[in-house]
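Remarks on the overall topology
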Amino acid sequence: MTDALISCEELSGLLGRADVAVLDAGFFLPQQQRNARAEYAVAHIPGAQFFDVDEIADHATSLPHMLPSPQEFAQAAGKLGIGDDTWVVVYDNNHYLASARVWWMLRVFGHDRVSVLDGGFSRWQVLGLPCESGGVEPVPRVFTPRYRLELVRDLAAMRVFAANPQGQVLDARSPGRFEGRDPESRAGLRSGHIPGARNLFFMNLVDAESGRLRAAPELAEQFRQAGIDLARPVTTTCGSGVTACILALALHELGRTDTAVYDGSWSEWGARDDTPVALGSAH
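Below: a short report on this structure. (Residues numbered from 1 in each chain as written. Predicted model: local features only at pLDDT ≥ 70, side-chain atom pairs only at ≥ 80, totals over all residues. Heavy atoms only, no water.)

If you trace the backbone, Ser174 turns up in the loop between strand S7 (168-171) and helix H7 (175-179). Of the residues examined, Ser174 reaches a relative accessible area of 18% and is grouped as buried. Between the C-alpha atoms of Ser174 and Ser99, which are 75 residues apart in sequence, the distance is 19 Å. Here Ser174 is in contact with Asn199 and Phe201, once residues within four sequence places are set aside. (Helix = DSSP H or I, 4+ residues; strand = E, 2+ residues; numbered from the N terminus. Buried < 20%, exposed > 50% of the residue type's maximum accessible area, 1.4 Å probe, protein only. Contact = heavy atoms within 4.5 Å.)

The following block contains the structure:
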């Protein structure tokens, strides 16, 4: 599968199939003051399981929603009814904030049969498609993890990649945070960005009217304006490794299926005193 997106209309025709698992990856930033699990309980796509990116994570670190171990992920995925041959469709109700993250997580652990719902739950509702409330009991399946190291950057790998003149680092945060003009939402973080990084605010990739990802020519133009050469590898970063995955999703749509995500992102880099920081706009 090369196109990672699926339309609401196409998904509506797949509901109830035994080989399709739908995941509600509802996730909101603290300042949004919304409860994703509570919203799932009120209304979700029929048969959808709730995927909690804070729960299915590495709890041995103080960094937010870091990747769990392959074994931990496999156990969680299996409980959600995801087997090795399952077609997973993941959505959220917040501009791809966590659906792209879960899409990336599944690919990191070797599962490429995964699609992101284009336009998310808000578009599903606008189209008047069916919803249900309450919980769903999945049929457990066996998920075999196959870890793909090339899709992940840890701190050590990020230091090397960022120092390489050929390495392209792209930051999904808002320009104000990237340039150091606006404060970070998490306490204890310095302001600024990784030296040499470029900036592309993730919301620039979403069509404001439809909530869908922009068409490929528009996506390509956004990356061009950010100074990214699509012929060369890119590593994406953000505040905590979530919106960076939206950049990776858009790059995947443009044929760059090898984009790596810096999992710790600014929550890690900006909290340390041994990592260089740059201020101002990208050059």
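All right, on to the sheet that holds strand S6 (residues 152-153) then. Taken in spatial order, the 5 strands of this open sheet run S6-S10-S9-S7-S8, and their pairing is parallel. Each edge of the open sheet is held by one strand with a lone partner, namely S6 and strand S8 (198-199). Direction of pairing for S7 relative to S8: parallel, over a ladder of 2 bridges. Residue pairing for S8: Asp171 is matched across the bridge by Asn199. Set on the sheet, helix H9 (residues 244-253) makes contact with S7, strand S9 (234-237) and strand S10 (260-262); between it and S9 the angle comes to about 145 degrees. (Pairing = 2+ DSSP bridges. Axes fitted to C-alpha atoms, helices over the stretch in contact; angles between N-to-C directions.)

Counted residue by residue, strand S2 (residues 20-24) has 5 buried out of 5 residues, so it is predominantly covered. Neither face of S2 is left uncovered, since the one carrying Val20, Val22 and Asp24 and the one carrying Ala21 and Leu23 both have all their residues buried. Judged from the 5 bridges that link them, S2 and strand S4 (residues 87-91) form a sheet pairing that is parallel. Note that in S4 the partner of Ala21 across the bridge is Val88. Pairing analysis gives 2 bridges linking S2 to strand S3 (residues 49-50), with the strands arranged parallel. Its bridge partner lying in S3, Leu23 is registered against Gln49.

Interpretation note: all reported values are geometric properties and have no functional meaning in isolation.
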